[in-house]
Amino acid sequence: MPDGLSCRRCGHENVPSANFCSSCGSTLSELVDEPTEMLAVTSAEPAQAEPLVVGFLVSRGPKAGSRYQLDVGKTTLGRHPESTIFFDDVTVSRRHAEADFDGQAVVVRDVGSLNGTYVNQKEVRADVELADGDVLQIGKFKLMFFHGES
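Predicted model only: the values in this text are computed from it and were never measured.

Taken together, the 5 strands give an open sheet; going across it, the order is β7-β6-β8-β9-β12, and neighbouring strands pair in mixed fashion. Both edges of this open sheet fall to β7 (85–86) and β12 (128–129), since each of them pairs with a single strand only.

All right, on to the nonpolar core then. Residues F56, L77, F87, V106 and L136 are the most contacted members of the largest nonpolar core, which totals 23 residues. At the level of secondary structure, the elements contributing two or more residues to this core comprise β4 (52–60), β8 (97–101), β9 (106–110), β13 (135–138) and β14 (141–149). If we skip the residues at most four places from it in the chain, F87 touches V58, K63, Y68, L77, G78, R79, V92, F141 and L143.

Bringing the environment of R95 into the picture now. As for its placement among the helices and strands, R95 is situated in the loop between β7 and β8. Separated by 15 residues in the primary sequence, R95 and D110 have C-alpha atoms spaced 8.9 Å apart. Not counting residues up to four positions away in its chain, the partners in contact with R95 are L77, H80 and V111.

This next bit is on the packing of aromatic side chains. The tally for this structure, following the rule as stated, stands at 3 aromatic pairs. Pairing Y68 with F87 gives two aromatic rings, centres 6.3 Å apart and planes at 80 degrees, and the pair type is edge-to-face. Highlighted residues: Y68 in strand β5 (residues 67–69) and F87 in the loop between β7 and β8, separated in sequence by 19 residues. When its relative accessible area of 2% is taken as the criterion, Y68 is described as buried. Taken together through their ring pairs, the aromatic side chains of Y68, F87 and F141 make up a single cluster. Over the ring of F146 we find R67; its NZ or CZ atom is 4.9 Å from the centre of that ring.

For N120, which is not a glycine, the phi torsion comes out positive at approximately 50 degrees. One can find N120 in the loop between β10 (117–119) and β11 (122–123). Residue N120 is classed as partly exposed on the basis of its relative accessible area, which comes to 38%. For Q121, which is not a glycine, the phi torsion comes out positive at approximately 70 degrees.

In this fold, H96 is placed in the loop between β7 and β8. What makes H96 buried here is its relative accessible area of 0%. If near-sequence neighbours (up to four positions away) are discounted, H96 is found in contact with L77, G78, T91, D110, V111, S113, G116, T117, I138 and G139.

Quick notes on the rules
- Residues numbered from 1 in each chain as written.
- Predicted model: local features only at pLDDT ≥ 70, side-chain atom pairs only at ≥ 80, totals over all residues.
- Heavy atoms only, no water.
- Pairing = 2+ DSSP bridges.
- Helix = DSSP H or I, 4+ residues; strand = E, 2+ residues; numbered from the N terminus.
- Core = buried A, V, L, I, M, F, W, Y, C linked by side-chain atoms within 4.5 Å.
- Buried < 20%, exposed > 50% of the residue type's maximum accessible area, 1.4 Å probe, protein only.
- Contact = heavy atoms within 4.5 Å.
- Phe/Tyr/Trp six-rings, centres within 6.5 Å; stacked < 30°, edge-to-face > 60°.
- Lys NZ or Arg CZ within 6 Å of the ring centre and 35° of its normal.

Quick look at the structure:
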């Protein structure tokens, strides 16, 4: 397969459109150096006059370095392509977690994921309000929460 992607972990040749190695399951997106990206997440509700800067910084996982800024409303996190924050990885459930931002605080909840949702290494079993610097783990992704004035 001359036009395929070679896995860094096991050397297996994969089809060019593959996201994961069909032999060992490791991610193939690490083969391409992607620049850090800032993705804005918006909702239909208007922002406050003096908005807070609220969001997540991916500190571990294939999208490490990516930033997601939250707007007021509900943000969905998962492997479903229509998720507000989409993680294309088998360790993430299609509908994994939700984060609600009311303009002041962000509350996160697990919505029936198979691998669980964790805040600061503790499993989320009910709504958890996030504080600046908290680490949200969804599958193999770790997201540092930031919350401050603009």
